[in-house]
Amino acid sequence: MYKEVCQGCHQPPVSEPEFWNSDRWSAKNAAGERYLDLKMLDIQNVGTDPAQAQDMASREVKIPDSLGIKSEATKPAGVGIQSHKYGEALAAVVEKTSEQWYNSQQPPVSAELQEKMNGYRPVGVRAPLQYKVRPLNGIWATPPYLHNGSVPNLCALLSPVEERPKKFYLGNREYDPVCVGYHTETLEGGFEMDTTIRGNYNTGHEFSDTPGKSGVVGRGLKPDERKALIEYLKSL
């Protein structure tokens, strides 16, 4: 079941040799280390709330020219100030901050040591209209689900969107081992999650047999199939 409906995006379990032999691993770097290039899904295909990706891609920040940020400016924002795309500017600021620290040491950090301290990797900040697909090992320990925490447990995640709760409470630490999540009943001092608000939508990543429905990632699952899959995910 896992191999049929999950593995194509989320990779095989990390306990399986197939995971470590995946072609998504990078070649070994100078330290003999490899890195997993996680699959990215376009927001219109996965159908989950698009706000995080959209806001990251469209957001702009004002940066003084004196910082010498190399990202492409989108428009002037005042004397000596330019507006930059947030993702590109963040990557440039991270890189410049690292360089500043390296060069301020006495003696300055050598280029070779800088590469080692950087993990032999470039700055990886990106802002596409996509979401990363993570391996599912330990998924039982990370409720609520989806990138915005809009689905309280695995029972709801594997169910049709119409059956997912529209509102639930966060803050309870009593675990639900059946549906795999935390208890979400009304909680004094807790936070009410309202999935009708932009940024909180609980749509997408759905298993459905409805033709042409947006955000469908796999076929509809029968109740006994959902239970079997949940029991397997508990073991990862």
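Residues numbered from 1 in each chain as written. Predicted model: local features only at pLDDT ≥ 70, side-chain atom pairs only at ≥ 80, totals over all residues. Heavy atoms only, no water.

A. Representation of the side chain of Gln-114 within the structure. With respect to the element layout, Gln-114 can be found in helix α7 (residues 111-117). Sequence-distant contacts of Gln-114, that is, excluding residues within four places in its chain, are made with Tyr-102, Asn-103 and Val-109. (Helix = DSSP H or I, 4+ residues; strand = E, 2+ residues; numbered from the N terminus. Contact = heavy atoms within 4.5 Å.)

B. Summary view of the packing of aromatic side chains. This structure, assessed with the given rule, holds six aromatic pairs. Each ring, one from Tyr-2 and one from Tyr-232, has its centre 5.4 Å from the other, and the planes form 50°; the classification is tilted. Residue Tyr-2 is found in helix α1 (residues 2-5), and its partner Tyr-232 is found in helix α9 (residues 223-234); the two are separated by 230 residues along the sequence. Judged by relative accessible area, which is 5%, Tyr-2 ranks as buried. When the centroid spacing of 4.9 Å and the interplanar angle of 90° are considered together, the rings of Phe-19 and Trp-20 count as edge-to-face. Taking relative accessible area as the criterion, Phe-19 reaches 3% and is therefore assigned buried. Each residue in the set Phe-19, Trp-20 and Trp-25 is aromatic and connected to the rest through ring pairs, giving one cluster. (Phe/Tyr/Trp six-rings, centres within 6.5 Å; stacked < 30°, edge-to-face > 60°. Buried < 20%, exposed > 50% of the residue type's maximum accessible area, 1.4 Å probe, protein only.)

C. Quick look at the environment of Pro-76. Within the element layout of this structure, Pro-76 appears in strand β3 (residues 73-78). Between the alpha carbons of Pro-76 and Val-133 there is a distance of 36 Å; along the sequence they are 57 residues apart. Apart from residues no more than four positions distant in its own chain, Pro-76 is found in contact with Ile-81 and Gln-82.

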